[in-house]
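The residues making up each chain are set out below.
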Amino acid sequence: MGYQHWTLEDLPWDRIDRSKADAEILKIIKAAALVEYNGRDYATYLCNVFNDDPEFQQVARDWAEEEVQHGAALGRWAEIIDPSFSLEDAFKRFTDGYKIKLEATESVRGSRSGELIARCMVETGTSSYYTALGDATDEPVLKEICRRIATDELRHYKLFYQHLKRYMEREDLGRLSRLRIALGRINESEDDELAYAYYAANGSDAPYDRETNTRAYMRRAYAYYRPTHVDRGVAMIFKAVGLKPHTTLYRAATRMAWWYLDSRLKKLTKEAA
């Protein structure tokens, strides 16, 4: 029997404890819900890029349905904590203002291997992120949602990595190219997607300003990371680009990643004071 994914009904909604819901976490959960809920558009893009690979197209469609469910779970939690929030209304605001290029027929990463490395980076980021949020929150239902999503994202990483190995057999992508794509995708975490999701989710009447919303989102998101979350993320990145984890280079990269995250958080916090 194949993998049986959890459903919204499996979550213990009757155990929600509003007194343990943190207002700052709520803001970024609302934003995360919109990005996850948009999974089907990403599947459309991936199916266009892998247009002659029905096996991977099915993987992409199944992945997208799980992502949409992540968004639905986070959105339902946010609606219960804040009855003024509507996932569907916020999602419409988000998709009206932020569009994925669905007409692309080739990967923006230059190759299919490059696209799969980028997907591994996204799953690395989300698995670490939801682990960090789950560790930070005392609200029992959000903790359970984050645990389930982090587990899913790790499984998705393994799935994309499996297909990456398949494509690497026919596409000669060196370690340097793989590293460049990986770092490029990590830098995009501060692009319009998360900033606009934060803007759309938190109901601001002010005109959208990318810089303002990026800072507001990142200041909150970075606050929940601990060195263990960064360590795990760097190990996953090393694996995807063909480098060995638990080496001197890996330890140096982990220290540098933590230093960057910590110093960026301090700078953002100082600017907001």
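Residues numbered from 1 in each chain as written. Predicted model: local features only at pLDDT ≥ 70, side-chain atom pairs only at ≥ 80, totals over all residues. Heavy atoms only, no water.

Under an unreviewed UniProt entry, the protein chain has the name Ferritin-like domain-containing protein and belongs to Skermanella cutis.

Asks: So, the pattern of salt bridges: which residues are in play, and what are the values?
Replies: Within the structure shown, the criterion is met by 16 salt bridges. When the shortest N-O distance is used, the salt bridge between D52 and R112 registers 2.8 Å. On the criterion of sequence distance, the pair formed by D52 in the loop between helix 2 (39–49) and helix 3 (54–81) and R112 in helix 5 (residues 112–136) is long-range, its members being 60 residues apart. Judged by its relative accessible area of 56%, D52 is exposed. Between R215 and E211 there is a salt bridge, and its shortest N-O distance comes to 3.0 Å. Of this pair, R215 and E211 both sit in helix 9 (residues 210–222), four residues apart, roughly one helical turn. For R215, a relative accessible area of 33% puts it in the partly exposed group. When salt bridges with common partners are traced through the structure, they connect E211, R215, K267 and E271 into a single cluster. (Salt bridge = Lys/Arg side-chain N within 4 Å of Asp/Glu carboxyl O. Helix = DSSP H or I, 4+ residues; strand = E, 2+ residues; numbered from the N terminus. Buried < 20%, exposed > 50% of the residue type's maximum accessible area, 1.4 Å probe, protein only.)

Asks: Describe the packing of aromatic side chains, with residues and values.
Replies: All told, the structure shown has 16 aromatic pairs when counted by the stated rule. Judged by centre distance (4.2 Å) and plane angle (40°), the ring pair of F50 and F56 falls under tilted. In this structure F50 comes out as buried when scored by relative accessible area, which is 0%. With a centroid separation of 6.3 Å and an interplanar angle of 25°, the aromatic rings of Y129 and Y225 are classed as stacked. One end of the pair, Y129, is in helix 5; the other, Y225, is in the loop between helix 9 and helix 10 (227–241), and 96 residues separate them in sequence. Both residues of the pair, Y129 and Y225, count as buried. Here the aromatic cluster, defined as three or more aromatic residues joined through ring pairs, consists of F50, F56, W63, F160 and Y167. Just above the ring of Y167 sits the side chain of R170; from NZ or CZ to the centre is 4.5 Å. (Phe/Tyr/Trp six-rings, centres within 6.5 Å; stacked < 30°, edge-to-face > 60°. Lys NZ or Arg CZ within 6 Å of the ring centre and 35° of its normal.)

Asks: How would you sum up the state of the cysteines? Please name residues and give values.
Replies: Taken as a whole and judged by the stated rule, the model has zero disulfides. Free of any disulfide, C47 has its nearest cysteine sulfur in C120, 17 Å distant. (Disulfide = S-S within 2.5 Å.)

Asks: Now, about the environment of L26: what can you tell me, with residues and values included?
Replies: Within the secondary structure layout, L26 lies in helix 1 (residues 23–37). With 15 residues separating them along the chain, L26 and D41 place their C-alpha atoms 25 Å apart. Leaving out residues up to four positions away in the same chain, L26 has contacts with W77, A78, I81 and D82. (Contact = heavy atoms within 4.5 Å.)

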